[in-house]
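Listed here are the chains, written in short residue letters.
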Amino acid sequence: RDQDFVPALVVGTGYGAAATALRLGEAGIRTTMLEMGGLWDTAGADGKIFCSMLEPDHRSMWFRDRTETPLATFLWLDVINKDIEPPFAGVLDRVAHPGIDVYLGRGVGGGSLVNGGMAVVPERDYFERILPEVDADEMYGTYFPLANRELGVNHVDPEWFETTEAYRYARVSRAHAHRAGFPTTFVPSVYDFDYMQRETAGEAPRSALDCEVIYGNNYGKRSLDKTYLPAALGTGNVTIESLHRVRSFRPAGAGYAVEVEQIDELGEVRAVKEIRCRHLFLGAGSLGTTELLLRAREQGALPDLDESLGEGWGPNGNVMLGRANHVWDPTGAEQSTMPAMGIDNTADPDHPVFAEIAPIPAGLETWVSLYLAIARTPERARFAFDAATDTARLDWRAEQAAPAETAVRSLFDRINQVNGTVYRHDLFGGTRAFESSFTYHPLGGCVLGRTTDLHGRVRGYDGLYVTDGALIPGSTGVNPFVTITALAERNVARVLAEDVRGN
Ligand code: FDA
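Values in this document were obtained by computation on a predicted structure and should not be read as measured data.

Basis of the calculations
- Residues numbered from 1 in each chain as written.
- Predicted model: local features only at pLDDT ≥ 70, side-chain atom pairs only at ≥ 80, totals over all residues.
- Heavy atoms only, no water.
- Buried < 20%, exposed > 50% of the residue type's maximum accessible area, 1.4 Å probe, protein only.
- Helix = DSSP H or I, 4+ residues; strand = E, 2+ residues; numbered from the N terminus.
- Pairing = 2+ DSSP bridges.
- Polar contact = N/O pair within 3.5 Å; in protein donor to acceptor, adjacent residues only side chain to side chain.
- Near = heavy atom within 4 Å.
- Areas by Shrake-Rupley, 256 points an atom, 1.4 Å probe, with all protein chains shown as cover.
- Nonpolar A, V, L, I, M, F, W, Y, C, P; charged D, E, K, R; others polar.
- Contact = heavy atoms within 4.5 Å.
- Phe/Tyr/Trp six-rings, centres within 6.5 Å; stacked < 30°, edge-to-face > 60°.
- Lys NZ or Arg CZ within 6 Å of the ring centre and 35° of its normal.
- Disulfide = S-S within 2.5 Å.
- Axes fitted to C-alpha atoms, helices over the stretch in contact; angles between N-to-C directions.
- Left-handed = near helix turned anticlockwise from the far one by under 90°.

A. Expanded view of the pairing of strand S4 (residues 100-105). Counted residue by residue, S4 has 6 buried out of 6 residues, so it is predominantly covered. The pairing of strand S3 (residues 92-97) with S4 spans 6 bridges and is classified as antiparallel. Looking across to S4, one finds that Asp 93 is bridged to Leu 104. Relative to strand S18 (residues 438-439), S4 runs parallel, the two being bridged by 2 bridges. Of the residues in S18, the one forming a bridge with Asp 101 is Phe 438.

If you want it as structure tokens, here you go:
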């Protein structure tokens, strides 16, 4: 058997990649997944796989000497970020682009390792507006339910929610929202709420209750390395290579030749390999997939890629903000890092916003209510390939966040007014109340139905597919990973039926 050939190659191990690999494996197709980040399965000297947010170490960030959290200061003091060494293949990356920084997970499981676990299906009318050519009956009847099942989505017990100290912060924000006339809703999660109850009862090691989230959760979270990826490996047809970074690819024979660098955890290149495949599935995320395709076009390997490549990128309207509560309204020293509630003002025709009520994992009382709001705006940017740095660069301008901030302000001005509260201006490094210079939700770059056909097949090249958040044009109105997973499930079902079977 030719060691350097595999029928299907999947780049990345995030949501789109993992769903795709499982279905390929089930169909009997030998598949290799290549992931530039590490395999997070081995405990460090402290007995834990991941470090906590209160004591970050080299495991926290992707080749940095200091952590870079979004909530950067408290009372304007630089007390949150910490020096770390050595620069290491840590689990959270922050990629700087003009006007916006993008947070990403690095490792086997992609964003699922670092995210807040909120598993939200978008409102159907908004989904239909964003991706009008996708059959919504099929998505809402088949693929969203399938994604929820496979991801292990579960719901908080409403009675426990009402009494636990861990969600005092959410109940405080709910009361403030209701007083101002805004509805709230429970948010489904991939964090195991039974486990969380046992944490709070002192019956299980703490994770959500131990300030763990953006540098990974040691327990309780059903990240992809607990769900789709072991299922894919269990088919016997899928293998995963970690610390393997795809550099480039080109058409070769009836498929593609992919150039891969194998690195070690300190970033040294240990080997350069060429792997050939018949079918190449790009699941490297909005930034990673778009960059690989742009590099292939600009360097001449795939000159016929569609002109739309790079377009339709957006930050999903992300805006973070904090409010200062009255002293009689404590939010609790012990907060679950996994949000379980959101303010749903999406029915507002002028300023539709979904605002998740976020924790402040500080381990002490702060009297702050924190939110990650998601506004629906049409602002989009475009990636262009920069040959000098060999990277894809966004042309997002900071001013493009203004419509999202206006929408979010309209919701929270009202909440502040009714409750007699104010914004916090000390949390984001400067004096601004609204932080829109980063996103957790990069979307777009290879939009479905434009750069690809309606099932993720890249236009102009057979056997080449996009499977991840790059397919979604810039906005889902809610947290995006259920949508990314469900779309990948839908697309690979068609691709297996029409393109891949029999190989
Ligand atoms: P994803 O980014 O997950 O995976 C891509 C993988 O490809 C990564 O592992 C990457 O290392 C790898 N890769 C990239 N380039 C490569 C290359 N050249 N070679 C090899 N490998 C390569 N969403 C949500 O729905 N609910 C939530 O609560 C949150 N919360 C949240 C918090 C934080 C801190 C972050 C950073 C993000 C979230 N998100 C979220 C967003 C969510 O995690 C994100 O939308 C998905 O992970 C995107 O899935 P993809 O499949 O597109 O790629």
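Continuing now.
B. Broad picture of the side chain of Arg 457. By the element assignment, Arg 457 lies in the loop between S18 and strand S19 (464-466). Engagement of the side chain of Arg 457 in a polar contact is seen with the side chain of Glu 498, the distance being 2.8 Å.

C. The site of the ligand, seen in detail. With respect to spatial proximity, 35 residues lie near the ligand, and among them Glu 35, Gly 111, Met 118, Gly 469 and Phe 481 are the closest. One of the backbone nitrogen or oxygen atoms of Tyr 15 is found 3.1 Å away from an oxygen atom of the ligand. Here Pro 480 contributes a backbone N or O atom positioned 3.1 Å from an oxygen atom of the ligand. Burial of the ligand by the protein chains amounts to 95% of its free accessible area of 1000 Å². Looking at the shell around the ligand, the elements with two or more residues in it are helix H1 (15-26), S4, strand S7 (244-252) and helix H10 (481-500). Of the residues that constitute the shell around the ligand, the class distribution is 14 nonpolar, 17 polar and 4 charged.

D. Structural context of the pairing of strand S15 (residues 391-394). Burial of S15 is one-sided: the residues Ala 392 and Leu 394 facing one way are buried, the residues Thr 391 and Arg 393 facing the other way are not. Where strand S14 (residues 383-386) lies against S15, 4 bridges are found, and the strand directions are antiparallel. Counterpart to Phe 383 in the pairing with S15 is Leu 394. Where S14 folds back on S15, the antiparallel hairpin that results is connected by 4 residues, among which Asp 390 adopts a positive phi of roughly 60°.

E. Spotlight on the side chain of Thr 467. Mapped onto the secondary structure, Thr 467 falls in the loop between S19 and H10. A residue is classified by how much of its surface remains accessible, and Thr 467, at 6% relative accessible area, is buried. Residues in contact with Thr 467, not counting those within four places in the same chain, are Gly 16, Ala 17, Thr 20, Phe 281, Leu 282, Gly 283, Ile 484 and Ala 488.

F. Layout of the packing of aromatic side chains. Under the defined criterion, the tally for this structure stands at 20 aromatic pairs. Note on Phe 127 and Tyr 140: the rings are 5.8 Å apart at their centroids and 75° apart in plane angle, and the pair reads as edge-to-face. Here Phe 127, found in helix H2 (residues 124-130), pairs with Tyr 140, found in helix H3 (residues 136-151); they are 13 residues apart in sequence, far enough to count as distant. A relative accessible area of 3% means that Phe 127 is categorised as buried. A ring pair is formed by Tyr 167 and Tyr 169, whose centres lie 5.9 Å apart and whose planes are at 40°; its orientation type is tilted. For the pair formed by Tyr 167 and Tyr 169, the shared burial category is buried. Aromatic ring contacts, followed pair by pair, group Trp 160, Phe 161, Tyr 167, Tyr 169 and Phe 186 into a single cluster. When the ring centre of Trp 62 is taken as reference, the NZ or CZ atom of Arg 106 above it lies at 5.8 Å. Of note, Arg 424 hangs over the ring of Phe 74, and the distance from its end group to the ring centre comes to 4.9 Å.

G. Looking closely at the sheet that holds S4. Across the sheet, 3 strands lie side by side as S3-S4-S18; this open sheet has mixed pairing. On the outer flanks of this sheet lie S3 and S18, each paired with one strand and no other.

H. Region of the structure containing the state of the cysteines. Here the structure, examined in full by the defined rule, presents 0 disulfides. For the unlinked cysteine Cys 51, the closest cysteine sulfur is that of Cys 211, found at 12 Å. On the basis of relative accessibility, which here comes to 2%, the residue Cys 51 falls in the buried class. Note on Cys 446: no disulfide assigned, nearest cysteine sulfur contributed by Cys 277 at a separation of 17 Å.

I. Layout of the packing of H1 against H10. Where H1 contacts H10, the axes come no closer than 8 Å and their chain directions differ by 35°. When you trace H1 past H10, the crossing you get is right-handed. Every residue of H10 that contacts H1 at Tyr 15, Gly 16, Ala 19, Thr 20, Arg 23 and Leu 24 is listed here: Phe 481, Ile 484, Thr 485, Ala 488, Glu 489, Val 492, Leu 496 and Val 500. Its residues assigned to classes, the contact of H1 with H10 shows 9 nonpolar, 3 polar and 2 charged.

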